[in-house]
Amino acid sequence: MTVLYLVQFVLPLAIVAVTAFQTSAGPGVITSDLTLGNFHKVLTDSFYLEMLGRSFVLALGTAVLTVLLGYPIAWALARSRSWLRTLILVVVMTPLMTSSVVRSFGWMVLFDPESPILKLFGPLADERTGLMYTMPGLLIAMAHVLLPFMVLTLYGIIDRLDPTLEHASLNMGAGRVETFLRVTFPLTLGGVFAGMLLVFATAISTFVTPKLIGGTQYRVLATEIYEQSVQLLNWPLASAMALLLLLIAVLTNLVYVSLTRRIPGGG
């Protein structure tokens, strides 16, 4: 098992790390000269800094949106009777059985300027492109793709919550809204942060949906890594950007650990 872990994870990561400090002498050509130029380019060039900031905003926005949409679904899933719980679970799990490419193409049809559904989004839509190549469109599509992960994470936490705590709050005179805000939600914050961490880490490294929905107008770091490594064959620059994404994921995980130690039941 250790050998398999080393071969499938540690070795590829080590190769990426070494490549990030090498120099590109042309498409597909790497020299042995070590340099920090690749990192310097990503962290100082406004073109890459804008993509880095857009990637972070998109991932964070997707995490927040999936919490807002997923919490009521997860609560209904945990509190429903057996047949309704099964129905909700099927509805939540069904999108996972479809490729993200197919789902993104579906949103491309719905986001078309001629689509009647665009009337529901009002000022969020662009007159020429609809919701295609816009940040709201990207957030909606990304939230749809990653919503099941948030729902399943929250469901596991809410389902384990002792319902007698809510009943006690109601018996003491608190209303349902106050009970939710002062009892239910604080006790499930660990699940909220865990779901946000999972969605954030996945969203910031996803390139299929941003590539199809965002196009060239809303490029993110993950799509740029794909283009640099597959199309332009600038592997050192792509490796440097990949390591920066990994660093963001690690720092996000450290923030999560710090937050969960400060909330009830967080560990």
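Each value, and the rule that gives it
- Residues numbered from 1 in each chain as written.
- Predicted model: local features only at pLDDT ≥ 70, side-chain atom pairs only at ≥ 80, totals over all residues.
- Heavy atoms only, no water.
- Helix = DSSP H or I, 4+ residues; strand = E, 2+ residues; numbered from the N terminus.
- Buried < 20%, exposed > 50% of the residue type's maximum accessible area, 1.4 Å probe, protein only.
- Contact = heavy atoms within 4.5 Å.
- Core = buried A, V, L, I, M, F, W, Y, C linked by side-chain atoms within 4.5 Å.
- Expected span 1.5 Å × (residues − 1).
- Phe/Tyr/Trp six-rings, centres within 6.5 Å; stacked < 30°, edge-to-face > 60°.

A. Inspection of the overall build of the protein chain at higher detail. Each helix and strand in the protein chain was counted, giving twelve helices and two strands. Reading the protein chain from its N end, one meets helices and strands in the order α-β-β-α-α-α-α-α-α-α-α-α-α-α. Considered along the principal axes of its C-alpha atoms, the protein chain spans approximately 70 × 50 × 35 Å. A buried classification covers 37% of the 267 residues belonging to the protein chain. Taking the intrachain contacts of the protein chain between residues at least 6 apart in sequence as the baseline, contacts between residues at least 24 apart amount to 67%.

B. View of unusual backbone geometry. The backbone of Tyr-133 sits at a positive phi, close to 60°, despite the residue not being glycine. Summarising the element assignment, Tyr-133 is placed in the loop between α5 (100-110) and α6 (135-160). The backbone of Leu-233 sits at a positive phi, close to 60°, despite the residue not being glycine. As for its placement among the helices and strands, Leu-233 is situated in the loop between α11 (221-231) and α12 (235-260).

C. Structural context of the environment of Arg-79. With respect to the secondary-structure elements, Arg-79 resides in helix α3 (residues 46-79). Each C-alpha atom, one on Arg-79 and one on Thr-179, is 15 Å from the other, the two residues being 100 residues apart in sequence. Discounting chain neighbours no more than four positions away, the residues touching Arg-79 are Ile-158, Leu-161 and Glu-166.

D. Fine view of the nonpolar core. Formed by 53 residues in total, the largest nonpolar core has its most connected members in Phe-111, Leu-154, Ile-213 and Met-241. When contributions to this core are tallied by element, the ones reaching two or more residues are α2 (37-44), α3, α4 (82-93), α6, α9 (189-204), α11 and α12. With 13 residues, α6 is the largest single contributor of residues to this core. What Leu-154 contacts, discounting residues up to four positions off in sequence, is Gly-70, Tyr-71, Ala-74, Gly-191 and Val-192.

E. Here's a closer look at α12. In a regular helix each residue adds 1.5 Å, so 26 residues correspond to 38 Å; α12 covers 37 Å between its end C-alpha atoms and thus fits that length. Buried residues of α12: Pro-236, Leu-237, Ala-238, Ser-239, Ala-240, Met-241, Leu-243, Leu-244, Leu-245, Ile-248, Thr-252 and Thr-260, and no others.

F. Looking closely at the packing of aromatic side chains. Summed over all chains, the structure comprises eight aromatic pairs. Measuring from ring centre to ring centre gives 5.5 Å for Tyr-71 and Phe-180, while their planes differ by 85°; the resulting arrangement is edge-to-face. Note that Tyr-71 is positioned in helix α3 and Phe-180 in helix α8 (residues 176-187), a separation of 109 residues in sequence. Under the relative-accessibility criterion, Phe-180 is labelled partly exposed at 30%. A centroid spacing of 5.7 Å and a plane angle of 55° characterise the contact between Tyr-71 and Phe-185, whose relative ring orientation is tilted. You can see Tyr-71 sitting in helix α3 and its partner Phe-185 sitting in helix α8, a full 114 residues away along the chain. Here Tyr-71 falls in the buried class, since its relative accessible area comes to 7%. Looking at Phe-185, the relative accessible area reads 29%, which means it is partly exposed. Three or more aromatic residues joined by ring pairs form one cluster here, namely Tyr-71, Phe-180 and Phe-185.

What is shown is where atoms sit, not what they do.
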